Amino acid sequence: MFPGEIDVQPSIYLDHLGTIFARFGTDTQDSGNVSYGVQTPSARYFVKTAGDPANTDPYLDFDGRVALLRNAVDLAESAVHPALPTLHAVIESPGGPLLVYDWRDGELLGVNRPAHERFRALPVDEILTALDTLYDLHADLDAAGWVEGDFYDGAMLYDFPTRRLTVMDLDTYRRGPHRNDMGRMFGSSRFMAPEQHSLGAPIDSRTTAYVMARAALVFLSDPPPGLYAVLQEATTTRFPSYSAFHRAWLSARGR
Ligand SMILES: Nc1ncnc2c1ncn2[C@@H]1O[C@H](COP(=O)(O)OP(=O)(O)O)[C@@H](O)[C@H]1O
Ligand SMILES: [Mg+2]
């Protein structure tokens, strides 16, 4: 249903494909990417592009933004999980690639303060179930070699009526252990591991474990004691790997 290539700009093509009902551009995104919600007769899609090639305000220039989108394609092709929107197609255009994902309903838990507070006020069991999903997704990503980068609550969409968690914008995850080549890396300080502030420090699956534990500590005001012990360990003495953290979490959950 989607062509491999088009010879017009993304928005022109999307206007023909269906109705653009949402646009995430420079007014809301500091990434420089421009994304669209598109309604076609059969489905709704979230279409992500690298935006205007002439826009050099963001940290990454157009070529850098395109490279990150290609990385996102690599990630989507290496992990299939209910929390990840399906990537249906990659369309090449004169304005760079169009990544065509499923549209997911939900409220962004970052930036959107009321949604964040509403999520934190849910019954503990419901928050824990969402965390289980987040951690299960990261078990798959970890097994495929992906290391967390710039994860925060702004990468989480929660659909309150159906209790479905969607995790998106994992474009800056990197495959394989690497070293911090930035100093203070991209990310929200509430979630970041110490090594993400330290030039040359190793960034690996232990980092993923730390950041995932931080997510729980951000959302749970009063974690059950067994789980709190796991989260404490993950953010102080640390686990040797993501899988060790995940095993400890599952065992404290009684799984
Ligand atoms: N699959 C999706 N379905 C619905 N909305 C989405 C989807 N993915 C992202 N969004 C929304 O679009 C916004 C921008 O997408 P994001 O991937 O974060 O782009 P950017 O690289 O510009 O940060 C997100 O903050 C979120 O509100
Ligand atoms: Mg984003």
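A few points on the structure. (Residues numbered from 1 in each chain as written. Chains lettered and ligands numbered in written order. Predicted model: local features only at pLDDT ≥ 70, side-chain atom pairs only at ≥ 80, totals over all residues. Heavy atoms only, no water.)

**Quick word on the environment of Asp30**
Tracing the backbone shows Asp30 in the loop between strand 1 (19-24) and strand 2 (34-39). As a C-alpha pair, Asp30 and Ile12 span 18 residues in sequence and 23 Å in three-dimensional space. (Helix = DSSP H or I, 4+ residues; strand = E, 2+ residues; numbered from the N terminus.)

**Here's the deal with unusual backbone geometry**
Positive phi, close to 60 degrees, is recorded for Val111, a residue that is not glycine. Note on placement: Val111 falls in the loop between strand 6 (107-108) and helix 3 (113-120). Positive phi, close to 60 degrees, is recorded for Arg163, a residue that is not glycine. Within the secondary structure layout, Arg163 lies in the loop between strand 8 (156-159) and strand 9 (164-167).

**As for the environment of His116**
Its place among the elements puts His116 in helix 3. Residue His116 is classed as buried on the basis of its relative accessible area, which comes to 3%. C-alpha separation for the pair His116 and Val218, spaced 102 residues apart in sequence, amounts to 10.0 Å. In this structure, His116 is in contact with Leu109, Asp153, Arg190, Val218 and Phe219, ignoring residues within four places of it in sequence. Only 2.9 Å separates the side chain of His116 from the backbone oxygen of Leu109, close enough to count as a polar contact. (Buried < 20%, exposed > 50% of the residue type's maximum accessible area, 1.4 Å probe, protein only. Contact = heavy atoms within 4.5 Å. Polar contact = N/O pair within 3.5 Å; in protein donor to acceptor, adjacent residues only side chain to side chain.)

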